[in-house]
Amino acid sequence: MKREYLILATVFLLLALVPFLAAATGQTSWTRLVGQALIYGMAAASLNFILGYGGMISFGHAAFFGIGGYVVGILYHHFDAGTSFLGLIPGTDQMLLTLPAAVLVAGLAAALVGAMSLRTGGVQFIMITLAFAQMFFFLFISLKTYGGEDGIMVRRTNALPGLDMRNRDTLYWVVLCFAAAYYLFLRRLVQSSFGQIIAGIRQNERRMAAMGISTFRYKLYAFILSGMGAGLAGALMVNFLRFASPDMMHWTRSGEFMIMVILGGVGTLAGPFIGAGVLFTVETTLARYTEHWMLPVGILLLVVVLTSKGGLMALIRKLSGGQK
Amino acid sequence: MRKLLTSTGILLALMSPAHAEATKIGVITTLSGPAGYLGEQIRDGLTLGLQATGAEFELVVEDDARDPNTGVQVADRMLNEEGIKLLTGIVFSNVSGAVVPEALDAGAIYVSPNAAPSGLAGAKCHPNYFVVSWQNDSLHEASGAAAKKLGYTTAVALAPNYQAGKDAIAGFSREFGGTVTEIYTGVEQSDFAGEMAQIRSVAPQVVFQFHPGGQGIAFLKQYQQAGLLGSVPMVLSEPSYDSVILKAVGPAAVGLTGTTHWNDDFDNEASKALVAEWAAAFPDAPLTTYGQQGYDTGLLIGGALNKVGGEDIAALQAAIKAADFASTRGNFAFGANQHPVQDWYLTSIEADEAGNPKIVTKEKILEAVGDVYAADCKM
Amino acid sequence: MILLIEQLLNGLQYGVTLFLLAAGLTLIFGIMGVINLAHGALYMVGAFAGAWVSIQTGSFWAGLLAGLVASAIAGIVVELGVMRRLYARDHLDQVLATFALILIFNQSTVLIFGRQPLFTSLPEMFSGSVEIVPGLPYPTYRLFVITVGLAVAVGLYLLINKTRIGMLVRAGASNRQMVRALGVNIRGLYTAVFGLGALLAGLAGVMASPILSVQVGMGDEIILATFVVVVIGGVGSVKGAFVAGIVLGMCDTMLRAFLPGLLQQVMPGSEAQALGVGISSMGIYLMMAIILLVRPRGLFAAQG
């Protein structure tokens, strides 16, 4: 236990130093790279909560990521134009308002999707979550007011009182704090009795039901929580990129989140973050050297999946002598 | 083989001006995926254009995978790490929507060889943002004008159900003025048999359709297979009949009418030079308007670099704004929003000796037109 | 009326194409328990090999043969090299591995054929159109596609219900462990089924190449619809794939063709158009959601 906290604190400290290291070496784009990887890591970790711990393989997680992002985008759009959403809700550029709004809306969407999808299981669940995500994708692509398939520009990052959010390093630290808080939240969550029940349902749903637990309701709560996490990540991403587009919820994005989880290690806390970081870094680095970067990435993924079981986390554990 | 030639061409381009004072130009473009050939054309055209001016330059080319996230990531590295102050290359509007503000905020200049979303053309225009190609809407207004000029009064207009598609039909209808039956197609649809049946049942005098890339290829093939090619004439705007599409469609394209801002039979020095240089460098790749737009961008940037060098961004901005270069399309000027003011031409697609389609320029249909967004731009 | 007949034929043709893809996928899914995202890549391999050979030889039929051979070989290589190691793994590892295969196939195709789409023409004998009912000329080639699709359906029915291999396939789809326990040469069966599935995907690819655009990534677009067909039809059921393929093809085409018109009765033209197309793009997904809510295992679930 002690050791785990030590590792976590060291990693956090190292990540907090990234902007300085980047500045010192002249490789300033690393700050953004790591920032984006952290955000993707959050989205992947939120997926991992239902996928790894709950055994619900959702292939539509990018929908909640995109919805969270679009909440920020749409609120900024109305703030900028001085209008209001549906004539009711005024726009805003305050992060303290936009993030909770994004989490809330993504949670509502997840409640809707989950309530219907969770009636099925297995492959059917995979496909039905994909189906709902596709519907959201087609919906946003046809929203003319919000840029349609061109997406919506957020000219200025949301404001946070007391901080200069236009400073890229500040924005990075804010993202890092959110990522760290989210990690700790998930850690508490999987150890809580709620998390235990979710894991129990994955292992044997019938037994949990026999114990008098309403498994459907618990799975739905988990699904909503997970959707909210993805919404938060999406909202941060739009602040980071200052741009939201339907690409955020394309089905390949859902696949990417899944790959980050599998690559890092299913059902581990740090796995999704590691998976996101590695995939993102490898992709961007390779893309600098060859436009055919997809080929080596594909081969790499294939080798990882064929030679290791349990992703990179399993590899790390093996290397560090079987300890956690 | 073509691959090898392409890479040698690029290699030469990268190596020859490798002096200390060479200005770095960042090229962010789409090289992977089905649309990869568009980025390839722009990159190769740009290289030839810059070489033609004799400017000292170094290209830093990177793939954006048609993904805004990747585009921003690349832009960030180019702007902040490599200190590049001059960017170009983006093919798709969704990428430019994310990358252009990033570049402008960093004080850099962005010169667009293709994408020109309306969001950046009006009130949000910027002194450091230039478009060499066209504003999206004007492509389709030219087609509307052409259909009107040819004397048609009823039309069916088809486009995918997304923003650019809706803009296309709106632009066409604006200049056409007659009765237009709108049909929207699916965003990822590739079989248009249902639409063919609808066209036949409406029986219009002319069909206008906007489907870039693979969708366009499928549409044209099926239009011919449905037997409509001989009975209902079709007017196309530039992105729907580039020479790559024509090559893939084959004889099914003969007999169509198109509108364009440039064609390879234009009678001016710059255009002839481009056609000759392209044929020498890439004999196997047909030259499209994307290549031409890259070339014009190269001429514009290269000319400006020759005049003021790449150090002083304000001076470079002024030099680019002057647009003092001989464009392959003939008349060229920047409007108030630094988008082109140019002529549009009517072309027809005819069979060459081997029976393959080729584009033949017929007449000028619009002269010195800009776009509707320029009025909103206050710079 | 004529319009309706024509749209029904279009729907049927789209439906049999979906069936050709879904038949292989549902067998692989049902018998080996593998989620093969790379099935669309085999469709692309068939289309590219077919188009390239028909350009070189000038014969559609040589291309057809080449496409079938190439996709079957690609399928068998994938089975022997990758899939074989994945049967015992969970769905997630399979998703990751087959996703990696998509990247590899797509990029290799770019390296071999370049990025520009290939051109193929219709076979000479099917290049015209036939007047089915007076006033309705219909492209002969599309009728040919429908015929081939239906013939494959009949062939598969005979293969599965009348032969020994078919018996094993049926047994495998309904209880995998049992077949293995009975000492059947399961490895050979798996390779054969995978090869057959790849061959059918390749056939769909070659048949589509004169109509659609032969380009990198063409398989990724159709794979989602194929999965929808497999799931609606019931995993492992070829009959289900056939019924679901036809129903889905019909629904998709009919919605596209007539929904905007219906909406126009109640709202202004261009909005009705946009909304109609929007809804019909979602149509197959909506349909899947509804069917799964009523029958969570699909229409003809093979596994109990």
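Residues numbered from 1 in each chain as written. Chains lettered and ligands numbered in written order. Predicted model: local features only at pLDDT ≥ 70, side-chain atom pairs only at ≥ 80, totals over all residues.

Each helix and strand counted, chain B has twelve helices and 13 strands in total. Computed over its C-alpha atoms, the radius of gyration of chain B comes to 20 Å, within 12% of the 21 Å expected for a compact globule of 379 residues. By the burial criterion, 65% of the 379 residues in chain B qualify as buried. For chain B, contacts bridging at least 24 residues in sequence account for 73% of all contacts bridging at least 6. (Helix = DSSP H or I, 4+ residues; strand = E, 2+ residues; numbered from the N terminus. Rg over C-alpha atoms; globule rule 2.2 N^0.38 Å. Buried ≥ 20, exposed ≤ 12 C-beta atoms within 10 Å, placed from the backbone. Contact = placed C-beta atoms within 7 Å.)

Here we come to the overall build of chain A. Counting its regular elements, chain A contains 13 helices and four strands. Relative to the globule expectation of 20 Å for 324 residues, the C-alpha radius of gyration of chain A, 20 Å, shows essentially globular dimensions. Overall, the C-alpha framework of chain A stretches about 55 × 50 × 40 Å when taken along its three principal axes. A buried classification covers 54% of the 324 residues belonging to chain A. In chain A, the proportion of contacts linking residues at least 24 apart, taken out of those at least 6 apart, comes to 75%.

Glancing now at the environment of phenylalanine 113 of chain C. All names here are of chain C. Within the fold, phenylalanine 113 resides in helix α4 (residues 91–113). Along the sequence, phenylalanine 113 and threonine 57 sit 56 residues apart, while their C-alpha atoms lie 17 Å from each other. Among all residues touching phenylalanine 113, those that are not within four sequence positions of it are Phe48, Trp52 and Leu118.

Attention now goes to helix α12 (residues 294–307) of chain A. The terminal C-alpha atoms of α12 of chain A, which comprises 14 residues, lie 20 Å apart, in line with the 20 Å expected from a rise of 1.5 Å per residue. Among all positions in α12 of chain A, only Met294, Gly298, Leu301, Leu302, Val304 and Val305 of chain A are buried. One side of α12 of chain A holds all its buried residues, which, seen down the axis, span an arc of 165°. Facing away from the buried side of α12 of chain A, by more than 90 degrees, are the exposed residues Val303 and Thr307 of chain A. The secondary structure elements touched by the buried residues of α12 of chain A are α10 (251–264) of chain A together with α4 of chain C. (Expected span 1.5 Å × (residues − 1). Arc of directions from axis to C-beta.)

Here we take up the interface of chain C and chain B. Across the contact, 37 residues belong to chain C and 35 residues belong to chain B. Among the secondary structure elements, those contributing two or more residues to the side of chain C that touches chain B are α1 (2–32), β2 (136–139), α5 (140–162), α10 (238–264) and α11 (269–294) of chain C. By residue number, the principal contributor to the side of chain C that touches chain B is α11 of chain C, which donates seven residues. Looking at the side of chain C that touches chain B residue by residue, the class counts come to 16 nonpolar, 16 polar and five charged. (Nonpolar A, V, L, I, M, F, W, Y, C, P; charged D, E, K, R; others polar.)

Here we take up the pairing of strand β4 (residues 109–112) of chain B. Residue and element names in this part refer to chain B. Alternating residues of β4 divide into Ile109 and Val111 and Tyr110 and Ser112, and every residue in both groups is buried. The sheet contact formed by strand β3 (residues 86–88) and β4 spans three bridges and is parallel. Pairing of leucine 86 across the sheet is with isoleucine 109, part of β4. Where the polypeptide runs from β3 across helix α4 (residues 93–105) and back to β4, its parallel neighbour, the crossover connection is right-handed. (Pairing = 2+ DSSP bridges. Right-handed = clockwise from strand over helix to strand, strands pointing away.)

Another aspect to go through is the pairing of strand β2 (residues 57–63) of chain B. For β2 of chain B, a buried count of five out of seven residues is recorded, marking the element as mostly surrounded by other parts of the structure. For the crossover that starts at strand β1 (residues 23–29) of chain B, traverses helix α2 (residues 36–53) of chain B and ends in the parallel β2 of chain B, the hand is right-handed.

Listed as interface residues are 30 residues of chain A and, on the opposing side, 34 residues of chain C. Those elements that place two or more of their residues in the side of chain A that touches chain C are α5 (122–141), α10 and α12 of chain A.

Here the focus is the sheet that holds β2 of chain B. All names here are of chain B. Strand order across the open sheet formed by five strands is β2-β1-β3-β4-β5, with parallel pairing between neighbours. Among the strands making up the open sheet, the edge pair consists of β2 and β5 (129–131). If you compare each strand with its neighbour and ignore which way they point, the axes differ by 20° on average. In terms of strand pairing, β4 meets β5 through three bridges, oriented parallel. Directly across from tyrosine 110, in β5, lies its bridge partner tyrosine 129. Helix-sheet contacts for helix α3 (residues 68–81) involve β1, β2 and β3, and the interaxial angle to β1 is about 175°. Those strands touched by helix α11 (residues 289–308) are β1, β2, β3 and β4, and its axis lies near 145° from that of β4. (Axes fitted to C-alpha atoms, helices over the stretch in contact; angles between N-to-C directions.)

Grouped together as the largest cluster of nonpolar side chains are 333 residues, with contacts concentrated most on Leu101, Val228 and Met288 of chain C. With 16 residues, the single largest contributor to this core is α1 of chain C. Discounting chain neighbours no more than four positions away, the residues touching methionine 288 of chain C are Met127, Ile128 and Ala131 of chain A together with Val228, Val231 and Ile232 of chain C. (Core = buried A, V, L, I, M, F, W, Y, C linked by C-beta atoms within 7 Å.)

This part is about the packing of helix α2 (residues 29–53) of chain A against helix α9 (residues 215–241) of chain A. Residues and elements named next belong to chain A. Put simply, α2 and α9 touch, their axes get as near as 8 Å, and they point 170° apart. What the angle tells us is that α2 and α9 run roughly antiparallel. In contact with Gly35, Gln36, Ile39, Met42, Ala43, Ser46, Leu47, Phe49 and Ile50 of α2, α9 contributes Ala222, Phe223, Leu225, Ser226, Gly229, Ala230, Leu232, Ala233, Leu236, Met237 and Phe240. A per-class count over the contact of α2 with α9 returns 15 nonpolar, five polar and no charged. (Parallel < 35°, antiparallel > 145°, perpendicular 65-115°, else oblique.)

Take the packing of helix α3 (residues 62–81) of chain A against α5 of chain A next. Residue and element names in this part refer to chain A. Axis separation between α3 and α5 bottoms out at 9 Å; the angle between their running directions is 30°. Taken together, α3 and α5 sit at an angle that is classed as roughly parallel. Between α3 and α5, the contacting residues are Ala62, Ala63, Gly66, Ile67 and Tyr70 on the first element and Phe132, Ala133, Phe136 and Phe140 on the second. When grouped by side-chain class, the residues that make up the contact of α3 with α5 number eight nonpolar, one polar and no charged.

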